[in-house]
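Close look at the chain arrangement
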Amino acid sequence: MDGAQMDQHELAIVPESMIADMLTREAAFDAVEKVFAAMAAGQAYNFPVVREAIGHEDALYGFKGGFDRKAGVLGLKAGGYWPHNLERRGLINHQSTVFLFDPDSGRVKAMVGGNLLTALRTAAASSVSLRHLMRKDAKVLGMIGAGHQAGFQLRAALETHQFEKVIGWNYHPDMLPNLARVVEEAGLPFEAVELSGMRQADAIISITSSFDATLLAEHVSPGTHIACMGTDTKGKQEISAELLAKATVFTDEVAQSISIGEAQHAIAQGLISAADVNQLGAVINATHVGRTSDVEITIFDGTGVGLQDLAVASSIVEVALAQGKATLVPV
Ligand code: NAD
């Protein structure tokens, strides 16, 4: 975010309604890749997450913050989940806003709508993992999950790599047309499969709200890369602990992966230790070799960190300022 284009007595506002025009998938990919690299290099860190059931509207509200010293990005995303929004108000259930601060003075610099941004930064994370961990000759993408996030994940993956076919499985099969539509728009064939059909896949993205393992070791072929994106809370689980334990595991942040991410179960069962979980950023920085063979199964445990939100918000503000579209308010 270029402070030179703003007066230090101004606050830049980029509301939710403008985010779609300000953020490309490419820019989100770039911002997330850079911040993962900065985290692995010790130049950026996330603050402890606050998440509270506020006892009103059954809402979960919280803060995810961090500081990227390298990029000079400091801030937080505030928001959460209001389960009755859609039915009672016609608003989406996930609501969030990002606030960015000047790390030199602490003054607030920007306020950015965080709803679409969250979906795009989450999709960017799995795409960054595909770029750095998937076999380069991958042809078939498998999708598990067909909800709100899945479409974003799929679009980003199809822009990251030239797949030849997409296969999909969902707990609620009636939602599979959500995937088929996106795949057909991209001019590729789509096939609904049983879980055993996932053995065709060279890469699998799983993005569900499941609390039980869906994908088992027997459903996955050697050499597959799996991006597990749904598990971001204690108790959630998308793949079996045995499958995770037989793979080489990467994550955005180790502390989250082993406590609220997909690795929590293999850790609890003593199948792996925290030392077995690697940072994806280290692969980006080439301090970790990443995939070492065509038969290795790699997993990205994408738990979602505040720094992803801040990096993408900062990129949005930069574009909005450059295009003269941010609302500048004196503070
Ligand atoms: P959604 O409600 O729109 O979709 C939920 C998906 O999970 C659907 O495909 C549904 O069929 C499937 N599902 C529901 N119950 C299931 C079960 N018992 N077993 C298997 N699948 C089941 O949700 P969404 O907005 O697409 O979010 C999906 C998940 O991603 C959530 O768990 C959410 O918390 C998580 N998420 C993670 C990040 C991150 O950064 N890692 C970011 C945003 C959301």
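Residues numbered from 1 in each chain as written. Predicted model: local features only at pLDDT ≥ 70, side-chain atom pairs only at ≥ 80, totals over all residues. Heavy atoms only, no water.

1. Regarding the overall build of the chain
The helix and strand tally for the chain stands at 11 helices and 16 strands. At 19 Å, the chain has a C-alpha radius of gyration in line with the 20 Å of a compact globule built from 331 residues. Counting only C-alpha atoms and orienting by the principal axes, one finds that the chain spans roughly 60 × 45 × 40 Å. Taken across its 331 residues, the chain has 53% of its residues classed as buried. Roughly 14,200 Å² of accessible area belongs to the chain as shown, and the carbon and sulfur atoms make up 54% of that amount. If you average the places of the 25 positive and of the 38 negative side-chain charges in the chain, the two averages end up 1 Å apart. (Helix = DSSP H or I, 4+ residues; strand = E, 2+ residues; numbered from the N terminus. Rg over C-alpha atoms; globule rule 2.2 N^0.38 Å. Buried < 20%, exposed > 50% of the residue type's maximum accessible area, 1.4 Å probe, protein only. Areas by Shrake-Rupley, 256 points an atom, 1.4 Å probe, with all protein chains shown as cover. Lys, Arg positive; Asp, Glu negative; His and termini not counted. Charge placed at Lys NZ, Arg CZ, Asp CG, Glu CD.)

2. Considering the packing of aromatic side chains
The tally for this structure, following the rule as stated, stands at four aromatic pairs. Here Phe 36 and Phe 300 contribute two aromatic rings whose centre-to-centre distance is 6.2 Å and whose plane-to-plane angle is 50°, an arrangement assigned as tilted. With Phe 36 in helix H2 (residues 25-40) and Phe 300 in strand E15 (residues 298-301), this pair connects stretches of sequence that are 264 residues apart. Here Phe 36 matches Phe 300 in class, with each residue buried. Look at Tyr 61 and Phe 63: their rings are 5.3 Å apart centre to centre, the planes differ by 75°, and that puts the pair in the edge-to-face class. Here the aromatic cluster, defined as three or more aromatic residues joined through ring pairs, consists of Tyr 61, Phe 63 and Trp 82. (Phe/Tyr/Trp six-rings, centres within 6.5 Å; stacked < 30°, edge-to-face > 60°.)

3. Thoughts on the site of the ligand
The local shell around the ligand holds 23 residues, among which Arg 121, His 148, Asn 170, His 172 and Lys 236 are the closest. At 2.7 Å, a side-chain N or O of Asn 170 approaches an oxygen atom of the ligand. The fraction of the free accessible surface of the ligand (870 Å²) that becomes covered by protein chains is 81%. Taken together, the elements giving at least two residues each to the shell around the ligand come down to helix H4 (115-133) and helix H5 (148-160). (Near = heavy atom within 4 Å. Polar contact = N/O pair within 3.5 Å; in protein donor to acceptor, adjacent residues only side chain to side chain.)

4. Overview of the side chain of Asn 93
Take Asn 93: it is sitting in the loop between helix H3 (85-89) and strand E6 (94-101). The class for Asn 93 is buried, based on a relative accessible area of 16%. A polar side-chain atom of Asn 93 sits 3.4 Å from the main-chain carbonyl oxygen of Pro 83. Side-chain polar atoms of Asn 93 contact the backbone nitrogen of Asn 85, separated by 3.4 Å.

5. Regarding the domain arrangement of the chain
Split into domains, the chain comes out as domain 1 (10-118 + 307-330) and domain 2 (133-305). Taking the mean C-alpha position of each, domain 1 and domain 2 sit 25 Å from one another. Contacts between the two partners involve 15 residues from domain 1, matched on the other side by 18 residues from domain 2. Each partner contributes to the roughly 1,400 Å² buried at the junction of domain 1 and domain 2, and carbon and sulfur atoms together form 57% of this total. (Domains from an automatic or database assignment. Contact = heavy atoms within 4.5 Å. Buried area = accessible area lost by both parts, 1.4 Å probe.)

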